[in-house]
Amino acid sequence: MNIFAKNETNQKFAAHGFLLDKNLILPSQLDNALATKLKTIFLAEQFNGLEDEFLTVPTEDGLFVFAGLGEKRENSDTDVLRIAAYKVARFVAESGRNNLELFVPCLDDTSSIAVVEGVALANYRFNKYKSEPKDNKEKFTELENVVIYGIDESIIPYALASVEAQNFARNIANEPGNSIHPEELAQIAQDLAQEYNLKCEIWDENRIIKENLGAFYAVGKGSASQPRLIHLTYEPSSYKKHLALVGKGITFDTGGLDLKPSGYMLTMKGDKTGACVVLGVIKSIAEMKLPVKVSLFIAAAENMPGADSYHPDDILTARNGKTIEVNNTDAEGRLTLADALCLACEQKPDLVIDIATLTGACAVALGSTTSGLFSNNGKLAEQILSASVKTGESFWRLPMTDKHLKKQLESKFADLSNCGERYGGAITAALFLQEFVTEGTPWAHLDIAGADFVKSPYDYYTCGATAFGARTIFALANELAK
C-alpha cells in the first residue's frame, strides 16, 4: 500500500472518504455544487457526524463514504479516528476499488498516525489457505494508493511500520499447528536476521540442556518437534537504551499430560502470539533503524502428551538455579518464560518486557479487549500505559503486592510451585515470572490472553489473531529511541 499526504500526480480516485465530526464541515477541495448536494443527502439520511455513524453515497463522481467522529477531535481519543479510517478504507476495499482519497480534519502527529494505521489495517486478510472464490461475491481488492489530506507526511513511514509489526505477527500467529513448529518459528527468525542484518542464535535441544534451561526443556521434550531457543539482536552503531523482549512461543498447547478438554484446544495455535509479536516488533524497529538496542528471546516449544512428557509433581531446575514443582503441566508458558527471562536479564538491558498469552484468568478479569499489565517498576508501567493510549490497545495494570497470593506459589518440595489456585491466577502467574527477573531490572509482563484472538470482527480487527500489543511495544521503543 502506498499512502501519501497529497495528490502529486492528479490521479483520479474511484472512492472518496471523509471523517467528519458533528460540525459536518466538508473539505474546501469539493466544489460548492457537490458540497451542497452532499449536505442535502446528510439531512435526508439523518447523518449527523456522530461517532459510529456511517454513510455511503454512490454518485456519478465515484463512491463517497462518510464516517462520523462525534465531538471535535481534541476532545476524543485517537482510537475513534483509527476505527473510522478503517471502516472507510475497508468498505472501499470490499467494494472492489483499489484507490482512495481520504479527507480528515487537520490533525496532530498522534492523531495522524491513528488515521494512517486505520487505513493500513484495512488491507489485512489471512486467506492463505482458502481456495479462489468461484463466483464474484467476494469483491475485496487490496488498496494500492491512498491519499490522506490533513496529515503530516513525515509520520507515514512510522505508522506503516507500526501496522507492519502487527500484521507480520498476525500472519505467523494465524498459521496452524501443523505449519508452525519450533523449527519453523526459528527459521522465520533466521530469515528476519538475514534480511535486516540481525545477530541470530538458535539453540537446539542439546544446547538447551547444556545451558541449564531445565524448565523450558521439560515443556518441549514430550513433542516429536523438539524445542528451539531463539535469540535475535538488533544493535545499531549508537543507541540510548537497551530493550530486552521475551515472547511466549508455544506453537501448540494441548495442556500436556494435564490435557485440555477438546474445546479448549481450539485457537491454541495462537499460544505462540507473544513470540510472533516480538518478532514483528524487532522487524519494524530494524526497518525504521531506531537507535535502540533490542535483545529478543523466544523459548519455542510444543506442549504435547507423549512418552517423554514432563509430569505433574516433577521438580525442574531453571537457568538461575531455582527449583520448580509442577502442579499443572498446562501452566507451561511460565516455565518457558522463566528460562527466557533469565537469559534476557543476563544481557543487562535497561528494561525487560515479556508478552504472552499466559492465563485464562486474565481474560476472565479484563475481558477480551483489554490486556493485563504487571510490572516491578512504576515508571515503566506508566510508559507502557501512555504508549497504549496512543495505539488504542487497552492495558490495565494489576497489582503484585498481595502476600497471600504469593504464598500460593510455595512448595513443600521445591523453591516454588508453577501455579497457585484458580482465583487471582493472572497475578500468581506474574509473581512466578518475577522470580526469574534479576533484582533491580525494570520489568513488565503483558498478559494478552483473550485479546489475542477474535472470533467475531470488531473495530479494526478481523477474525483470527490480533497480535495485540505489537503497536504498543513499537511505540514504546520509538519513545526510548528519542
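Located above this text is the structure these notes cover.
A short tour of the structure in this document, coming up. Computed from a prediction, not measured in an experiment: that's the story for all the values here. (Residues numbered from 1 in each chain as written. Predicted model: local features only at pLDDT ≥ 70, side-chain atom pairs only at ≥ 80, totals over all residues. Heavy atoms only, no water.)

So, on to the environment of Leu 34. With respect to the helices and strands, Leu 34 occurs in helix 1 (residues 32–45). For Leu 34, a relative accessible area of 13% corresponds to the buried category. Along the backbone, Leu 34 and Val 292 are 258 residues apart, and their C-alpha atoms lie at a distance of 50 Å. (Helix = DSSP H or I, 4+ residues; strand = E, 2+ residues; numbered from the N terminus. Buried < 20%, exposed > 50% of the residue type's maximum accessible area, 1.4 Å probe, protein only.)

On to the sheet that holds strand 9 (residues 241–253), then. Within the open sheet, the 8 strands sit side by side as 7-8-10-9-13-17-14-15. Their pairing is mixed. Where the open sheet ends on each side, the last strands, each with one partner, are strand 7 (199–203) and strand 15 (394–397). The mean angle between the axes of side-by-side strands here comes to 20°, regardless of whether they run parallel or antiparallel. The sheet contact formed by strand 9 and strand 10 (residues 292–303) spans 12 bridges and is parallel. Bridging across to strand 10, His 242 finds its partner in Lys 293. Packed onto the sheet, helix 12 (residues 378–391) meets strand 13 (351–356), strand 14 (370–375), strand 15 and strand 17 (443–447) and runs at close to 160° relative to strand 14. Contacts from helix 14 (residues 425–434) reach strand 13, strand 14 and strand 17 within the one sheet, and its direction differs from that of strand 17 by about 145°. (Pairing = 2+ DSSP bridges. Axes fitted to C-alpha atoms, helices over the stretch in contact; angles between N-to-C directions. Contact = heavy atoms within 4.5 Å.)

Time to look at a negative patch on the surface. A cluster of acidic side chains, namely Glu 8, Asp 108, Asp 109, Asp 152 and Glu 153, defines a negative patch on the protein surface. Mapped onto the secondary structure, Asp 152 falls in the loop between strand 6 (145–149) and helix 4 (156–173). (Patch = residues over 30% accessible without salt bridge, like charges linked within 9 Å, V, L, I, M, F, W, Y side chains within 5 Å. Areas by Shrake-Rupley, 256 points an atom, 1.4 Å probe, with all protein chains shown as cover. Salt bridge = Lys/Arg side-chain N within 4 Å of Asp/Glu carboxyl O. Lys, Arg positive; Asp, Glu negative; His and termini not counted. Charge placed at Lys NZ, Arg CZ, Asp CG, Glu CD.)

Turning our eyes to something else, we now look at the layout of surface pockets. Quantified by volume, the largest pocket comes out at close to 1,500 Å³. Lining of the largest pocket is provided by 44 residues; of these, Lys 260, Leu 358, Thr 359, Gly 360 and Ala 361 occupy positions nearest its centre. For the lining of the largest pocket, the secondary-structure elements that each account for two or more residues are strand 9, helix 8 (262–265), helix 10 (333–346), helix 11 (360–366) and helix 14. At 5 residues, helix 11 tops the list of elements feeding residues into the lining of the largest pocket. (1 Å grid on protein atoms, 1.4 Å probe; cavity = no way out; pocket = protein on both sides within 12 Å on 5 of 7 lines; lining within 4 Å. Points joined across faces, edges and corners; volume = space filled by probe spheres on them.)

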